[in-house]
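# Observations on the three-dimensional arrangement
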Amino acid sequence: MNQQLFEKVDEYISNLLAPEDIILQETIQSLDDASMPQISVTPTQGKFLQLMLLTSKAKRILELGTLGAYSTIWMARAIPSDGKIITVEFDPHHAHIASQNIAKAGFSEKIDLRIGKAMDILKELISNGEDAFDFIFIDADKPPYAEYFELALQLSHPGTLIICDNVIREGKVLDENTNDERVKGVQRFNKMLANNPKVTATIMQTVGAKEYDGMAIAIVN
Ligand code: SAM
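Residues numbered from 1 in each chain as written. Predicted model: local features only at pLDDT ≥ 70, side-chain atom pairs only at ≥ 80, totals over all residues. Heavy atoms only, no water.

- As recorded in an unreviewed UniProt entry, the protein chain goes by the name O-methyltransferase, listed as coming from Chryseobacterium paridis.

### Notes on the overall build of the protein chain
- From N to C terminus, the protein chain includes eight helices and seven strands.
- The C-alpha atoms of the protein chain give a radius of gyration of 17 Å, which matches the 17 Å a tight globule of 221 residues would have.
- The dimensions of the protein chain, computed from C-alpha atoms along their principal axes, are 45 × 45 × 35 Å.
- In the protein chain, buried positions account for 51% of the 221 residues.
- In the protein chain, the 21 positive side-chain charges and the 31 negative ones have mean positions that sit 3 Å from each other. (Helix = DSSP H or I, 4+ residues; strand = E, 2+ residues; numbered from the N terminus. Rg over C-alpha atoms; globule rule 2.2 N^0.38 Å. Buried < 20%, exposed > 50% of the residue type's maximum accessible area, 1.4 Å probe, protein only. Lys, Arg positive; Asp, Glu negative; His and termini not counted. Charge placed at Lys NZ, Arg CZ, Asp CG, Glu CD.)

### Overview of the nonpolar core
- By size, the foremost hydrophobic cluster in this structure holds 34 residues, and its most contacted members are Leu-62, Leu-64, Ile-138, Phe-149, Cys-164 and Phe-189.
- Elements with a minimum of two residues in this core: β1 (60-64), β2 (84-89), α6 (118-127), β4 (133-138), α7 (145-153), β5 (156-165), α8 (181-194) and β7 (213-220).
- Ranked by residues supplied to this core, first place goes to α7 with seven residues.
- Dropping the residues within four chain positions of it, Cys-164 is found in contact with Ile-138, Tyr-145, Phe-149, Phe-189, Gly-214, Met-215 and Ala-216.
- Counting residues in each nonpolar core, the second largest holds 29 residues, with Ile-61, Ile-102, Phe-107 and Ile-163 among its members. (Core = buried A, V, L, I, M, F, W, Y, C linked by side-chain atoms within 4.5 Å. Contact = heavy atoms within 4.5 Å.)

### Some details on α7
- Most of α7 sits out of view: seven of its nine residues are buried.
- Those residues of α7 not exposed but buried are Tyr-145, Ala-146, Tyr-148, Phe-149, Leu-151, Ala-152 and Leu-153.

### Structural notes on the pairing of β1
- The element β1 is extensively covered by neighbouring structure, given that four of its five residues are classed as buried.
- Considered for its hand, the β-α-β crossover made up of β1, helix α4 (residues 70-76) and β2 is right-handed.
- Pairing of β1 with β4 involves four bridges; the strand directions are parallel. In the sheet register, Leu-62 faces β4, and the bridge partner there is Ile-136. (Right-handed = clockwise from strand over helix to strand, strands pointing away. Pairing = 2+ DSSP bridges.)

### Considerations on the packing of α7 against α8
- Running from N to C, α7 and α8 point in directions that differ by 40°, and their axes come no closer than 7 Å. One way to sum up the angle between α7 and α8 is to call them oblique. Contact with α7, carried on its side by Tyr-145, Ala-146, Glu-147, Phe-149 and Glu-150, involves Val-186, Arg-188, Phe-189, Met-192 and Leu-193 of α8 and no other residues of that element.
- Residues that form the contact of α7 with α8 fall into these classes: seven nonpolar, no polar and three charged. (Axes fitted to C-alpha atoms, helices over the stretch in contact; angles between N-to-C directions. Parallel < 35°, antiparallel > 145°, perpendicular 65-115°, else oblique. Nonpolar A, V, L, I, M, F, W, Y, C, P; charged D, E, K, R; others polar.)

### Let's talk about the packing of aromatic side chains
- For the coordinates displayed, the defined rule picks out three aromatic pairs.
- Between Tyr-145 and Phe-189, the ring centres sit 5.7 Å apart and the planes meet at 80°, which makes this aromatic pair edge-to-face. Note that Tyr-145 is positioned in helix α7 and Phe-189 in helix α8, a separation of 44 residues in sequence. Neither Tyr-145 nor Phe-189 differs from the other in exposure class; each is buried.
- An aromatic cluster of at least three residues, connected via ring pairs, comprises Tyr-145, Phe-149 and Phe-189.
- Above the face of the Phe-133 ring, Arg-60 is positioned so that its terminal group lies 4.6 Å from the ring centre. (Phe/Tyr/Trp six-rings, centres within 6.5 Å; stacked < 30°, edge-to-face > 60°. Lys NZ or Arg CZ within 6 Å of the ring centre and 35° of its normal.)

See the structure below:
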């Protein structure tokens, strides 16, 4: 693999089609300033999420894994003014920085940041009878991806688009003998996805500024 070439081409595409404005640049900078990991989606992936939202005419979004709200801000920009995003983050430090970034981006009304474990908040949303979401982005810890997806299905309607990031992990999914819990989690998730009659799904491999990986894309039947 030619990672250098992938990075250059990713930069070429994002300069052309997904340029970051000052808000997005400052959001990325805030992660360094707060000693947080640089594991947000890339600008081209942010734009891809926007296109998926526009295609599905999504208004109600659920995101698991906020970090500094970089992906959340990309998504908030692609939904109508009466749209709503619930984004879930369990690390209070990440949530604090995210809420500052959300306020700077002018989305404190549109984005509802919930602090807690994704599993708990999913169950809470279900038991509170939360309305179905049009789009769900799963980008939190990998071991329980299959469980997150099953719970997310209970918060969906026919046509809901569900995207799950990091399901290829540099090709490590091919290793049946892996001891890596994150890889095991996505292996289990990918198998569940393949056998789930409630959705039509595929996985797109992703190369670019971040390591080689993949995004699962599913539509609820
Ligand atoms: N979606 C973000 C973006 O692209 O800008 C990146 C999210 S980052 C890959 C994953 C985030 O999920 C981290 O901030 C981490 O603290 C959070 N996380 C990990 N385990 C979690 C859990 N059980 N519940 C909620 N959030 C969790």
